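If you want the building blocks of each chain, they are given just below.
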Amino acid sequence: MFVRLQLSRWVLVQVLWAHLLCGWAFGSELTFELPDNAKQCFYEDITIGTKCTLEFQVVTGGHYDVDCRLEDADGTVLYKEMKKQYDSFTFTAAKNGTYKFCFSNEFSTFTHKTVYFDFQVGEDPPLFPNENRVTALTQMESACVSIHEALKSVIDYQTHFRLREAQGRSRAEDLNTRVAFWSIGEAFILLVVSVSQVVLLRSFFSDRKTTTTRVGS
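Only a predicted model underlies this, so the values are computations on that prediction, with no experimental measurement involved. (Residues numbered from 1 in each chain as written. Predicted model: local features only at pLDDT ≥ 70, side-chain atom pairs only at ≥ 80, totals over all residues. Heavy atoms only, no water.)

**A word on the packing of aromatic side chains**
- Summed over the entire model, instances satisfying the criterion amount to 16 aromatic pairs.
- Here the aromatic rings of Phe89 and Phe91 are separated by 5.7 Å at their centres, their planes lie at 20°, and the arrangement is stacked.
- For Phe91, a relative accessible area of 9% corresponds to the buried category.
- A centroid spacing of 4.8 Å and a plane angle of 35° characterise the contact between Phe101 and Phe119, whose relative ring orientation is tilted. One end of the pair, Phe101, is in strand β7 (residues 97-104); the other, Phe119, is in strand β8 (residues 113-121), with 18 residues separating them in the sequence.
- These aromatic residues form a ring-pair network of at least three members: Phe32, Phe42, Phe56, Tyr79, Phe89, Phe91, Tyr99, Phe101, Phe103, Phe117 and Phe119.
- Sitting over the ring of Tyr64, Arg171 keeps its end group 4.4 Å from the ring centre. (Phe/Tyr/Trp six-rings, centres within 6.5 Å; stacked < 30°, edge-to-face > 60°. Buried < 20%, exposed > 50% of the residue type's maximum accessible area, 1.4 Å probe, protein only. Helix = DSSP H or I, 4+ residues; strand = E, 2+ residues; numbered from the N terminus. Lys NZ or Arg CZ within 6 Å of the ring centre and 35° of its normal.)

Spelled out as structure tokens, the structure:
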């Protein structure tokens, strides 16, 4: 029982370490601020035949939309969308070189955005060097592969829920600000109306001194 527990811990540690190494070696993930009337571009060196995936989402700002454009090494447009809240695009590199993808907020005059993107280059290498062999995997190797795939799904779900939480918090804060300003406006209007009513009522009941003048004597 103790040996099995130690083996399970060793397998889990190895899978976690391999998963972290794969995450560091492949893909770029970033959340950045995109000011109004601004454009931000990123570059990635890709070899021919590599499968890539670009996924992005606007977390905060305005109507939660942004322009996205992806170009290959020769400047050919592979992907172009206007005012998208989120999207995912998968392609296979047809040329060697530096690929460029840009996010633009030039259509917005005063609202800045917070944009998240995940650019995956290539596929994860096999967890074991001989994973693609013809013979079947051992029980321990199968368990490692299953845990590895489950951990990738967990990371994807965590990223998704973090983005949803950040977007919901931004909307709640924006709504709270609007409600606060609306309440201040209503309080000011109520104060002005109350003072005006008091002044008007006092003018009705105030004593007016009448003066008489005699004509001739």
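What follows picks up the thread again.
**Some details on the UniProt feature "transmembrane region" (unreviewed entry) in the protein**
- Under the feature "transmembrane region" (unreviewed entry), the UniProt entry names residues 179-201.
- Along residues 179-201, the helical share is 100% and the strand share 0%, with 33 Å between the first and last C-alpha atoms. (UniProt positions renumbered as here; feature names shortened; annotations may be inferred.)

**Observations regarding the nonpolar core**
- Ile46, Phe91, Phe101, Phe103, Phe117 and Phe119 are the most contacted members of the largest nonpolar core, which totals 24 residues.
- Looking at this core, the elements that each hand over two or more residues are β1 (28-34), β2 (39-46), β3 (51-60), β4 (66-71), β6 (86-92), β7 and β8.
- Setting aside residues up to four positions removed in sequence, Phe117 forms contacts with Ser28, Glu29, Leu30, Phe32, Phe42, Glu55, Phe56, Phe101 and Phe103. (Core = buried A, V, L, I, M, F, W, Y, C linked by side-chain atoms within 4.5 Å. Contact = heavy atoms within 4.5 Å.)

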